[in-house]
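This is what each chain is made of:
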Amino acid sequence: MKYLLIICALCWNWTGTAIAAPEKSEVMKLLEGRHWKIDAVAFQSLGDDTDSVLIKIAEDTAIINYLRFRALEALSLFPSEKTGVFLEQTADKSFAALARRGFEALKNGFSKTEPERVKKLAERLLHHRNAQVRISAARAVRSLDAARFESFLKAEKDSWVRKEAQK
Amino acid sequence: MKIKLNFCRTAFILQTVTLLLAGGCSKKESTSSSSSSTSSLTSGSLPVTEITQSIEGGYYTGSFAVPSDGVSFILSVFKDNNGSTAFYSLSDPDGTDILSSSSTPTLSRTASGSLGAYGYANVLVPQSQSFSAKAGTWTFKAYSNDRVKLALRSGTTPTSTTIVVQPYITGTTWAAGDLNAALSVMSSIYSANGITLSINSTITISDSQYAAVSGTFTDTTTSALVSQGVTDAVNLFFIEGYTGSWSNVLGNAAGIPGSMGLANAWNGVLISLTVHAYGTTLDAQLLGETAAHEMGHQLGLFHTTESGGTVFDIISDTAECPKSLDNDNNSQIQMSAEECEGYGAENVMFWTAWSSSSRSAGKKQETLSSYQQKVLKYSPIAK
């Protein structure tokens, strides 16, 4: 019985370690750097619930934009339903710079597993008032629905937007 | 002894393979023909000369003279189709090839002109305290290219130094006046390090296609934007934001160094405004530090310490922050400014800014070492 209790205690401790969320400061540290590039291995080694910490950072208006933007980008590494919903809301309701990054994170994280979901959001954003959001959406649509991309090119009034979308 | 830029090794190998292939092709087609380049002087205060090249042994070769009062030069090689280009060698008047790995000192695997780059590469002398623009005849061998140009500064040894800066702003979220506080921070940083910045009035570029651009200088839109830069200043393009995979970068220079004295796609730096804001309120201190940092790259300064704590710059008096100082309780080695306090985190050219909490507590990156200052004071674009 004594040994059983010890084993249970150890298992409880290990289980606790496995599900522990990383400290916000740990996540923030991986978002720093002037010439930042996402380090997938580093983020994925932070443990469970990293996505929740990233969402909190991304939605915190008191945090400087570059950290919020990078948190969005890092969320593409955690393509859960919670992440998907958050990124869709971000793309739909945020200011243009945040909206574009929310969409791009959804595209990067979900294109392989849920292409229809990405396409649905992209189609909405083809009508966005910000040109860069339209370009980003159009580039995604190009690989998902060639006919829809062609119709976008015909409808888009800015020639430079059409040109950028085709890059 | 500092370790050279290891992060470039993979790129170096790839570039070398490409360039050797290109060199091989040149050998096959070369006979005794000479290139069609002609010498000419371009406009602007910095004299720029195109060097006549001839083809010898498969390499494009040329030479130039540095006068007895030569201060510095930047030797640039161009490939119009944005293909790979580089120098094979650059020998000083004593016959020392400063791009050879067996030379001491050497810029081998450090200068873009040695590593190779797409469309444009260069060699700056001096890029550290170990080099000087020795008087006499310098000779080079280059791989296939369209032209080689020399920007040469001569005159008295620099004591007081002025660098002209030309800011630009794109997009509609912010106006020229919104940059004033950041430009003031940048000016103060350089002034505290013995360099006067003469900052021209900010030019607004209203064409909406330039609001957000790629950080790749060979991109057609980025190239069209940066090519608008003037030839007698360091051009700072404050863009509303980056596009694509560059979206979350604070800023980037066209090279280490970038081009000087010539209007082209590598004649400036990009700095994103959106990422430096809380909502739409710009963080002037951070933006000014980023501008100072990117300008340092454009003029030839490397990061004093790279993120992993194993790669350092080529300047001997800058503090290094080795990975042994990483004190996180995780397996990731990434040297934060906080971990490197007293080990270079205060330097303008440290790889990352202080964290938000440290910045709020007043931490700044405003120092340059004596030898870093020397590189800037001797810069061809400085006066």
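Note that the coordinates shown come from a computational prediction; the quantities given were computed from them, not determined experimentally. (Residues numbered from 1 in each chain as written. Chains lettered and ligands numbered in written order. Predicted model: local features only at pLDDT ≥ 70, side-chain atom pairs only at ≥ 80, totals over all residues.)

### A word on the overall build of chain A
Secondary structure assignment for chain A yields 11 helices and zero strands. Taking all 167 residues of chain A together, 43% fall into the buried category. Counted over contacts in chain A with a minimum sequence separation of 6, partners at least 24 positions apart contribute 54%. (Helix = DSSP H or I, 4+ residues; strand = E, 2+ residues; numbered from the N terminus. Buried ≥ 20, exposed ≤ 12 C-beta atoms within 10 Å, placed from the backbone. Contact = placed C-beta atoms within 7 Å.)

### A word on the overall build of chain B
A tally of helices and strands in chain B yields seven helices and 20 strands. Partitioning the contacts of chain B with sequence separation of at least 6, the portion at a separation of at least 24 is 71%.

### Observations regarding the interface of chain A and chain B
Facing the 26 residues of chain A at the interface are 31 residues of chain B. For the side of chain A that touches chain B, the secondary-structure elements that each account for two or more residues are α2 (24–30), α5 (65–75), α7 (96–110), α9 (131–144) and α11 (159–165) of chain A. No other element matches the six residues that α5(A) contributes to the side of chain A that touches chain B. Residue composition of the side of chain A that touches chain B, by class: 12 nonpolar, six polar and eight charged. (Nonpolar A, V, L, I, M, F, W, Y, C, P; charged D, E, K, R; others polar.)

### Looking at unusual backbone geometry
In the segment running from V125(B) into P126(B), the intervening peptide bond is cis, with an omega of 5 degrees. Geometrically, the link from I256(B) to P257(B) is a cis peptide bond, its omega value of 0 degrees lying close to zero. By secondary structure assignment, the location of P257(B) is in the loop between β17 (251–253) and β18 (269–272). A positive phi is found at D49(A), a non-glycine position, where the angle reads about 70 degrees. Positionally, D49(A) belongs in the loop between α3 (40–44) and α4 (50–58). Of note, R109(B) is a non-glycine position whose phi angle comes to about 60 degrees, a positive value. Inspection of the secondary structure assignment puts R109(B) in the loop between β6 (87–91) and α2 (112–115). Taking the C-beta count within 10 Å as the criterion, R109(B) has 17 such neighbours and is therefore assigned partly exposed.

### Some thoughts on the pairing of strand β9 (residues 136–142) of chain B
All names here are of chain B. Relative to β9, strand β3 (residues 59–66) runs antiparallel, the two being bridged by seven bridges. Directly across from G62, in β9, lies its bridge partner F140. As paired elements, β6 and β9 share four bridges and run antiparallel to each other. Within β9, the position partnered with S89 by the bridge is K141. (Pairing = 2+ DSSP bridges.)

### Regarding the sheet that holds strand β1 (residues 48–50) of chain B
Picture the strands of a sheet paired through backbone hydrogen bonds; they go either parallel or antiparallel. All names here are of chain B. Read across the open sheet, the four strands follow the order β1-β10-β4-β8; overall the sheet is antiparallel. The open sheet has two edge strands, β1 and β8 (120–125), and neither has a second partner. Looking at each pair of strands side by side, their axes are set apart by 20 degrees on average, direction ignored. Sheet analysis places strand β4 (residues 70–78) next to β8, joined by six bridges and oriented antiparallel. Residue pairing across strands places V77 opposite A121, the latter belonging to β8. (Axes fitted to C-alpha atoms, helices over the stretch in contact; angles between N-to-C directions.)

### Details of the environment of E150(A)
As for its position among the elements, E150(A) is in helix α10 (residues 146–155). Sequence separation of E150(A) and L87(A) is 63 residues, and the distance between their C-alpha atoms is 26 Å.

### Some thoughts on the nonpolar core
Core analysis: the largest hydrophobic core is formed by 154 residues, its most contacted members being L75(A), L236(B) and F237(B). Those residues in contact with F237(B) that sit more than four places away from it in its chain are Y168(B), T170(B), L225(B), V226(B), G268(B), V269(B), L270(B) and I271(B). (Core = buried A, V, L, I, M, F, W, Y, C linked by C-beta atoms within 7 Å.)

### Points about the sheet that holds strand β2 (residues 54–56) of chain B
Residue and element names in this part refer to chain B. The strand order β2-β3-β9-β6 describes an open sheet built from four strands, whose pairing is antiparallel. With partners counted over all chains shown, the strands left at the sheet margins are β2 and β6, one partner each. Shown here is a sheet whose adjacent strand axes are inclined to one another by a mean of 30 degrees, direction ignored.

### Focus on the packing of α9(A) against α10(A)
Residues and elements named next belong to chain A. α10 packs onto α9 with a crossing angle of 145 degrees between their chain directions and a minimal axis gap of 6 Å. Seen from α9, the contacting residues are A138, V141 and R142; seen from α10, they are A146, R148, F149 and F152. For the contact of α9 with α10, a count of residues per class yields five nonpolar, no polar and two charged.

### Section: α9(A)
For α9(A), built from 14 residues, the straight-helix expectation of 20 Å at 1.5 Å per residue is met to within 8% by its first-to-last C-alpha distance of 20 Å. Within α9(A), burial applies to Q132(A), V133(A), R134(A), I135(A), S136(A), A137(A), A138(A), A140(A) and V141(A). Buried-residue contacts for α9(A) involve α7, α8 (115–125), α10 and α11 of chain A together with β14 (212–213) of chain B. (Expected span 1.5 Å × (residues − 1).)

### Focus on the pairing of β3(B)
All names here are of chain B. When β2 meets β3, the two strands line up antiparallel, connected through three bridges. Bridging across to β3, S54 finds its partner in T61. Two successive antiparallel strands, β2 and β3, enclose a turn made up of two residues, where G57 displays a positive phi of approximately 60 degrees.

### A closer look at the packing of α7(A) against α8(A)
Residues and elements named next belong to chain A. Where α7 meets α8, the closest approach of the two axes is 9 Å, and the angle between their N-to-C directions is 155 degrees. Taken together, α7 and α8 sit at an angle that is classed as roughly antiparallel. Where α7 crosses over α8, the handedness of that crossing is left-handed. From α7, F103, L106, K107 and F110 reach across to α8, where they touch R117, V118, L121 and L125. Tallied by class, the residues present in the contact of α7 with α8 amount to six nonpolar, no polar and two charged. (Parallel < 35°, antiparallel > 145°, perpendicular 65-115°, else oblique. Left-handed = near helix turned anticlockwise from the far one by under 90°.)

### Quick look at the environment of I333(B)
Residues and elements named next belong to chain B. Among the secondary structure elements, I333 is positioned in the loop between α5 (284–298) and α6 (356–360). C-alpha of I333 to C-alpha of T310: the two residues are 23 residues apart in sequence and 9.9 Å apart in space. Beyond its immediate sequence surroundings of up to four residues, I333 is in contact with G308, G309, K323 and D326.

### A short note on α5(A)
Taking burial as the measure, the 11 residues of α5(A) include 11 buried ones, the bulk of the element. Every buried residue of α5(A) is listed here: N65(A), Y66(A), L67(A), R68(A), F69(A), R70(A), A71(A), L72(A), E73(A), A74(A) and L75(A).

### So, the environment of R153(B)
Residue and element names in this part refer to chain B. As for its placement among the helices and strands, R153 is situated in strand β10 (residues 147–154). For R153, a count of 23 C-beta atoms within 10 Å puts it in the buried group. Along the backbone, R153 and D69 are 84 residues apart, and their C-alpha atoms lie at a distance of 8.7 Å. Setting aside residues up to four positions removed in sequence, R153 forms contacts with L46, V71, S72, F73 and P380.

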